[in-house]
Amino acid sequence: VQLGLGENGLRYEIVEDSEPQAQGGNPHQPPSYTDPDGRTVAGDVAILTYLAERPAESIRPGVEPLRGGNELEWIEGFLARWRQHCVNKADHTFQTNLEDCERVLEGRHYLGGAALSIDDCSFWPVLREIVLTQGPFDARWVNLNQYYTRVEKRGIVRAILDGSR
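Let me sum up the structure you'll find in this document. It should be emphasised that the depicted structure is a prediction, and the values quoted were computed from it without experimental measurement.

Looking only at helices and strands, the chain features seven helices and two strands. Among the 165 residues that make up the chain, the fraction classed as buried is 36%. Taking as baseline every contact in the chain between residues at least 6 positions apart, the subset at least 24 positions apart corresponds to 59%. Total accessible area computed for the chain in this model is approximately 10200 Å², and 48% of it derives from carbon and sulfur atoms.

In structure tokens, the structure reads:
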């Protein structure tokens, strides 16, 4: 979500819930975003879908809006398979759907083609979680490795990563 907001040129503030468990709340509460008109959207996919569907007149001049969002459901499933793998087979390398990812990225810089899309803002953080947990992807995943590095080098991504340290 941070990547989607940042790439859309939207300012945001991260607010941590100081006592989610003490008050019986959910410790894994989904993120929420409140736009300048006061509309609040909650949940990763809902926020990214909202960003992809914003009307052109609501976008700041000079900012190229991110489009896409067609693959968010598949990406959420991919994330769920990764998380399930972590619970069940943490001692084995995650390989599920990597061949599909490799094929989809063939001849493309990003999931949507030549330009970064909302789908990339959802997909790359999943790949980052995988890489941080089990190390770099195998060299046979050429397109996936190039994609991961390409997104990692984007200015907004670097700023988000540097800010989270």
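Tracing the sequence through the fold places D35 in the loop between β1 (32-34) and β2 (40-42). In this structure D35 is buried but unpaired, with R39 as the nearest side chain of opposite charge at 5.5 Å. In this structure the side chain of D35 is engaged in a polar contact, spanning 2.4 Å, whose partner is the side chain of Y50.

What follows concerns the pattern of salt bridges. Applying the stated criterion across every chain, the model contains five salt bridges. For E7, the salt bridge goes to R154, with nearest N and O atoms at 2.8 Å. Remark: R154 occurs in the loop between α6 (142-152) and α7 (155-163) and E7 occurs in helix α1 (residues 2-7); sequence separation between them is 147 residues. With relative accessibility at 14%, the residue E7 sits in the buried group. A salt bridge links R83 to E129, with the nearest nitrogen and oxygen atoms 2.8 Å apart. Taken together, the residues span a long stretch of sequence, with R83 in helix α3 (residues 72-88) and E129 in helix α5 (residues 118-134) at a distance of 46 residues. Here the residues in one salt-bridge network are E99, D100 and R103, joined through shared partners.

Let's shift gears to the packing of α3 against α5. For the pair α3 and α5, interaxial distance at closest approach is 9 Å and the crossing angle is 15°. The angle between α3 and α5 falls in the class roughly parallel. In the crossing of α3 with α5, the sense of the turn from one axis to the other is left-handed. Residues L72, W74, I75, E76, F78, L79, W82, R83 and H85 of α3 lie in contact with α5, whose contacting residues are I118, D119, S122, F123, V126, L127, E129, I130, T133 and Q134.

With 40 residues, the main nonpolar core has L51, F78, F123, L127, F137, L144 and Y147 as its most contacted residues. Of all elements in the fold, only α1, α2 (44-53), α3, α4 (98-105), α5, α6 and α7 reach the threshold of two or more residues within this core. Contacts of L51, omitting those with residues within four sequence positions, involve G4, L5, N8, L10, L66, R67 and I118.

At N97, a residue that is not glycine, the phi angle is positive and equals roughly 65°. Here N97 is to be found in the loop between α3 and α4.

Take the environment of G62 next. When you line up the elements, G62 lands in the loop between α2 and α3. Assessed through its relative accessible area of 88%, G62 is described here as exposed.

About the thresholds
- Residues numbered from 1 in each chain as written.
- Predicted model: local features only at pLDDT ≥ 70, side-chain atom pairs only at ≥ 80, totals over all residues.
- Heavy atoms only, no water.
- Helix = DSSP H or I, 4+ residues; strand = E, 2+ residues; numbered from the N terminus.
- Buried < 20%, exposed > 50% of the residue type's maximum accessible area, 1.4 Å probe, protein only.
- Contact = heavy atoms within 4.5 Å.
- Areas by Shrake-Rupley, 256 points an atom, 1.4 Å probe, with all protein chains shown as cover.
- Lys, Arg positive; Asp, Glu negative; His and termini not counted.
- Salt bridge = Lys/Arg side-chain N within 4 Å of Asp/Glu carboxyl O.
- Polar contact = N/O pair within 3.5 Å; in protein donor to acceptor, adjacent residues only side chain to side chain.
- Axes fitted to C-alpha atoms, helices over the stretch in contact; angles between N-to-C directions.
- Parallel < 35°, antiparallel > 145°, perpendicular 65-115°, else oblique.
- Left-handed = near helix turned anticlockwise from the far one by under 90°.
- Core = buried A, V, L, I, M, F, W, Y, C linked by side-chain atoms within 4.5 Å.

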